[in-house]
Amino acid sequence: MNITVIGAGYVGLITASGLAETGHRVICVDDDQGKIDTLNAGGMPFYEPGLGDLVDRNRAAKRLEFISRIEDAVAQCEVIFICVGTPPLEDGEADLSSVELVARRISACARGYHLVIEKSTVPVQTGRRLQKHFSIYGDNSQSHYDVASNPEFLREGSGVEDFFHPDRIVIGVDSKKAAGLLEEVYRPVLEQSFVCPIHDSCGKRPHVPLVVTDINSAELIKHASNSFLAMKISFINMISDLCEAVGADAGKVAQAIGMDSRIGSSFLRPGIGFGGSCFPKDLQAFVRVGQSAGCDFTLLREVERINQRRVDLFVDKIKHELWVLRGKRIGVWGLAFKPRTDDVRSAPALAIIRRLLAEGAVVRAYDPQAMGKAKAQLPGVEYCADAYVVAEGADAVLALTEWEEFLSLDFEKVRTMMARPLIFDGRNMFSRIDMAEHGIEYVDVGSGAQLHNHTPTL
Ligand SMILES: NC(=O)c1ccc[n+]([C@@H]2O[C@H](COP(=O)([O-])OP(=O)(O)OC[C@H]3O[C@@H](n4cnc5c(N)ncnc54)[C@H](O)[C@@H]3O)[C@@H](O)[C@H]2O)c1
């Protein structure tokens, strides 16, 4: 099939190259000419494991091309995916101006039948608005449209794997034709019939479940999924605060409750909270959706409030130990909102660093991938060549993103390099026992019996 993907960001580029790999011919459009030039020159506009190879291979095979004019793509393609950003407005509502602009440009040039698929995360009833838009602005004598929703669930850092082996594919449609086309688009993934580009021996995988629903439900599924995961994180963080206050071990509590198959262990790790380009904004947007529909979404407001407090509580711990921060040398391991990505959008690490800088601390940081993007937002930080350089002369080191390479550091060396061997572990990635063996003071999240804490008796 000939497919247009609009937006060459994390979602658009993974979708475009994944669809090309499964045999479609894909034109990926982005109005950021710099991004298109980078891609056409063989570069990557961001870091995502495995994506560079996928893009190179499919571009070389002429199944994938990059252009900046929507008009040049729409004319050739029946199926169009919208993958542009939907950032939050000041009041938390999703900003749909890029989606609307894309719809305008499609309707200005469309001829014949087009299936327009929203893959961007949008509030429920956006599909209806798009249908109305096309009925008003489309040239109905020359073109007709179906609109569909196909929410994206990929996780940055394993986005390529998630494209090829998703837990499920959700499509929201209101015509048989749209459902048929989307099934055709995804048939190789649904049937797992492609030659797997990421696993050497993928074996015979079971078919991927396809959830076919109305458009409103598909849109809502995405917001509800992300809000639920955010809720799990805030729940365990609330429990971890209690553990610290009463002298219990949040890690063990999380482990044991996660063993209940009705609960599950993922997203139950205490820490400095969720960030990234999706959870915070999707949660806010979903709260706004609930509010405008007259529903009580207080639960999700609390999820958000608990998450915002994570940064304050972590900074309080640092201040408790280091006393005055002005002039203190604080090292930071990890800037990205999670490992295996260079994305720093709403990263807790950046929020924590801003607070430290405001208190006059000298912050030196290292991240394996995200320093380029962080520099643009935090020029006041000294960026270092590796994790050891960060530790040199530091009064404390903060571990803020759980990159695998931090796990294999030589902690004897780290201890001798630091002015005060003290690690604040915002992701609970290290072992308290290991740190004690290396003579390093260690503060994690959710352990009741820590050096900063004098456990009260209730
Ligand atoms: N990043 C994720 O992990 C993820 C996962 C699931 C869903 N989503 C959702 O997918 C959408 C895209 O997210 P992303 O992270 O890929 O965003 P992104 O910012 O990385 O990419 C968006 C791209 O769209 C381009 N764009 C904007 N307006 C355009 C226009 N008018 N014409 C052509 N291109 C245009 C931008 O230049 C940019 O390259 C958002 O709604 C997001 O919530 C993201």
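Here we summarise the structure given alongside this text.

Thresholds applied
- Residues numbered from 1 in each chain as written.
- Predicted model: local features only at pLDDT ≥ 70, side-chain atom pairs only at ≥ 80, totals over all residues.
- Heavy atoms only, no water.
- Helix = DSSP H or I, 4+ residues; strand = E, 2+ residues; numbered from the N terminus.
- Phe/Tyr/Trp six-rings, centres within 6.5 Å; stacked < 30°, edge-to-face > 60°.
- Buried < 20%, exposed > 50% of the residue type's maximum accessible area, 1.4 Å probe, protein only.
- Lys NZ or Arg CZ within 6 Å of the ring centre and 35° of its normal.
- Near = heavy atom within 4 Å.
- Polar contact = N/O pair within 3.5 Å; in protein donor to acceptor, adjacent residues only side chain to side chain.
- Areas by Shrake-Rupley, 256 points an atom, 1.4 Å probe, with all protein chains shown as cover.
- Core = buried A, V, L, I, M, F, W, Y, C linked by side-chain atoms within 4.5 Å.
- Contact = heavy atoms within 4.5 Å.
- Pairing = 2+ DSSP bridges.
- Right-handed = clockwise from strand over helix to strand, strands pointing away.
- Arc of directions from axis to C-beta.
- Axes fitted to C-alpha atoms, helices over the stretch in contact; angles between N-to-C directions.
- Salt bridge = Lys/Arg side-chain N within 4 Å of Asp/Glu carboxyl O.

1. Let's talk about the environment of aspartate 434
Next, step 1: You can see aspartate 434 is positioned in helix H18 (residues 432–437).
Next, step 2: Aspartate 434 sits 23 residues away from phenylalanine 411 along the chain, and the two C-alpha atoms are 8.9 Å apart.

2. Examining the packing of aromatic side chains
Next, step 1: Counted according to the given criterion, the structure contains 14 aromatic pairs.
Next, step 2: Ring centres 5.1 Å apart and planes at 55 degrees place the aromatic pair phenylalanine 164 and phenylalanine 194 in the tilted group. Linking phenylalanine 164 in helix H7 (residues 159–164) with phenylalanine 194 in the loop between helix H8 (176–190) and strand E8 (210–213), this pair joins segments that are 30 residues apart in sequence. When sorted by exposure, phenylalanine 164 lands in the same class as phenylalanine 194, which is buried.
Next, step 3: Among the aromatic residues, ring-to-ring pairing joins Trp333, Tyr366, Phe406, Phe411 and Phe430 into one connected group.
Next, step 4: The ring of phenylalanine 153 is capped by arginine 168, whose NZ or CZ atom sits 3.7 Å from the centre of that ring.

3. Considerations on the site of the ligand
Next, step 1: Around the ligand there are 27 residues in total, and Asp30, Lys35, Thr86, Glu156 and Lys281 lie nearest to it.
Next, step 2: Backbone polar atom of aspartate 31 to a nitrogen atom of the ligand: 3.3 Å apart, as the coordinates give it.
Next, step 3: Arginine 345 places a polar side-chain atom, nitrogen or oxygen, 3.1 Å from an oxygen atom of the ligand.
Next, step 4: Relative to its free-state accessible area of 830 Å², the ligand is covered by the protein chains to the extent of 90%.
Next, step 5: When contributions to the shell around the ligand are tallied by element, the ones reaching two or more residues are helix H1 (10–21) and helix H5 (97–109).
Next, step 6: Per-element tally for the shell around the ligand: the top contributor is H5, with 3 residues.

4. Regarding the nonpolar core
Next, step 1: Trp333, Leu335, Leu398 and Phe430 are the most contacted members of the largest nonpolar core, which totals 57 residues.
Next, step 2: With near-sequence residues (within four places) excluded, leucine 398 lies in contact with Phe314, Ile318, Ile330, Gly331, Val332, Trp333, Ile352, Leu356 and Phe424.

5. Here's the deal with the pairing of strand E7 (residues 169–172)
Next, step 1: Alternating residues of E7 divide into Ile169 and Ile171 and Val170 and Gly172, and every residue in both groups is buried.
Next, step 2: In this sheet, E8 lies alongside E7 in parallel orientation, the contact comprising 4 bridges. The residue of E8 that forms the bridge with isoleucine 169 is leucine 210.
Next, step 3: Note that the unit made of E7, H8 and E8 has a crossover that is right-handed.

6. Description of helix H3 (residues 51–60)
Next, step 1: Looking at H3, one finds that the buried residues are Leu51, Leu54, Val55 and Asn58. Down the axis, H3 shows its buried residues gathered within 95 degrees of arc, on one side only. Of the exposed residues in H3, the ones pointing more than 90 degrees away from its buried face are Asp53 and Ala60.
Next, step 2: Those residues of H3 that are buried lie in contact with H1, helix H2 (33–40), strand E3 (64–67) and H7.
Next, step 3: Lysine 62 sits one or two residues past H3 and shows a positive phi near 65 degrees.

7. What about the sheet that holds strand E12 (residues 396–399)?
Next, step 1: The strand order across the open sheet formed by 6 strands is E11-E10-E9-E12-E13-E14, and the pairing between neighbours is parallel. In this open sheet, the two edge strands, each paired with only one partner strand, are strand E11 (382–383) and strand E14 (441–443).
Next, step 2: With 4 bridges joining them, strand E9 (residues 329–333) and E12 adopt parallel strand pairing. Considered in E12, the bridge of isoleucine 330 is made with alanine 396.
Next, step 3: Against the sheet, helix H12 (residues 298–322) engages E9, E12, strand E13 (422–425) and E14, with an angle of about 165 degrees to E13.
Next, step 4: Set on the sheet, helix H13 (residues 348–358) makes contact with E9, strand E10 (362–366) and E12; between it and E10 the angle comes to about 155 degrees.

8. Here we look at the pattern of salt bridges
Next, step 1: By the definition in use, this model includes 27 salt bridges.
Next, step 2: Across the pair glutamate 71 and arginine 69 runs a salt bridge whose closest N-O atoms are separated by 4.0 Å.
Next, step 3: Owing to a relative accessible area of 22%, glutamate 71 belongs among the partly exposed residues under this scheme.
Next, step 4: The partner of glutamate 359 in a salt bridge is lysine 319, and the shortest N-O contact between them spans 2.8 Å. Of this pair, glutamate 359 sits in the loop between H13 and E10 while lysine 319 sits in helix H12, placing them 40 residues apart in sequence.
Next, step 5: With a relative accessible area of 28%, glutamate 359 lands in the partly exposed category.
Next, step 6: Since its relative accessible area comes to 29%, lysine 319 is described here as partly exposed.
Next, step 7: Members of the salt-bridge network, linked through shared partners, are Arg69, Glu71, Asp72 and Arg105.

9. Regarding the environment of isoleucine 67
Next, step 1: Within the fold, isoleucine 67 resides in strand E3.
Next, step 2: Taking the relative accessible area as the measure of exposure, isoleucine 67 reaches 17% and is therefore buried.
Next, step 3: With 70 residues separating them in the primary sequence, isoleucine 67 and tyrosine 137 have C-alpha atoms 24 Å apart.
Next, step 4: The contact partners of isoleucine 67, leaving out residues within four places of it in the chain, are Ile27, Cys28, Val29, Asp30, Ile36, Asp72 and Ala73.

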